[in-house]
Amino acid sequence: MEVPVVIQFRHVHLSLKDREILFGDEGLSSQRAIEHRGQFVSKQQVQVIGPAGIFEKVCVLGPERSVTQVELSASDAHSIGVKAPLRISGDLDRSANVTLKGSHGQVEAKMSTIIPIRHMHLPTGLASENGLVQGDVVSVHLGKKTIDHITVRVHPTFAAALHVSIDEAAELWLQPGDTVIL
């Protein structure tokens, strides 16, 4: 099965409470849809502030989530002085802290920041057809190259996609538009 590669850049998922602090009554408004049904890149952006630096105009993905999560590449985290752990999305236990600044306010986002591990999103039906369940670890092939240690994420709204950080994409010579074979 062919799966498209998505190169992830730094981005933020906000809780409703943090979104209200950062942007006031202004809800997240969609700039464009992303591959997962119901999710989008919002027009709103934040500053991500670490002890050693700031990233301006960081994308916020919508809709709101139950908790705020900041996803950085390893080189991003290093450049702003954040010791973020390598984790699967949603696993924020003992994760790093950053400050987020929006148009209306600022939030101390404690235990919010991770370096996402490479993972493959699959819709429920496609995962089932391939004998895969949430949390499985798979390998994929790109030509003669094998990419190991990919965690499977399954949800009915997901589109099939291999997500890698910009650092991993550079290391593996992956480009937007590449596909891998599961």
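Fair warning: this is a prediction, and the values are worked out from it, not measured in the lab.

## So, unusual backbone geometry
So, point 1. Cis peptide bonds are those with omega within 30 degrees of zero, and the linkage from Gly62 to Pro63 qualifies with 0 degrees.
So, point 2. Located in the positive-phi region is Lys57, a residue other than glycine, with phi close to 50 degrees.
So, point 3. Positionally, Lys57 belongs in strand 5 (residues 53–65).
So, point 4. The exposure class of Lys57 is exposed, given its relative accessible area of 66%.

## Overview of the environment of Ser103
So, point 1. Of note, Ser103 is situated in the loop between strand 8 (96–101) and strand 9 (106–116).
So, point 2. Linking Ser103 and Val154, residues 51 residues apart in sequence, is a C-alpha distance of 34 Å.
So, point 3. Apart from residues lying up to four places away in sequence, Ser103 is in contact with Leu22, Phe23 and Glu26.
So, point 4. Side chain to side chain, Ser103 and His104 meet in a polar contact 3.1 Å long.

Cut-off values and rules
All residue numbers refer to positions counted from 1 along the written sequence of the respective chain. A pLDDT threshold of at least 70 governs which residues receive local features in this predicted model, and a stricter bar of 80 or more applies before side-chain atom pairs are shown or counted, although totals over entire chains, interfaces and linings include all residues. Only hydrogens and water are set aside when side-chain values are computed; all heavy atoms of the structure are taken into account. Numbering goes from the N terminus for both helices and strands, where a helix is a DSSP run of H or I of at least four residues and a strand is a run of E of at least two. Buried means the residue's accessible area, taken with a 1.4 Å probe over protein chains only, is under 20% of the maximum for its type, while exposed means over 50%, and partly exposed covers the values in between. Throughout, a residue-residue contact means that at least one pair of heavy atoms, one from each residue, lies within 4.5 Å. Any pair of nitrogen or oxygen atoms within 3.5 Å is treated as a polar contact; in protein, a donor-acceptor pairing is required on top of that, and neighbouring residues in sequence qualify only through side-chain atoms on both sides.

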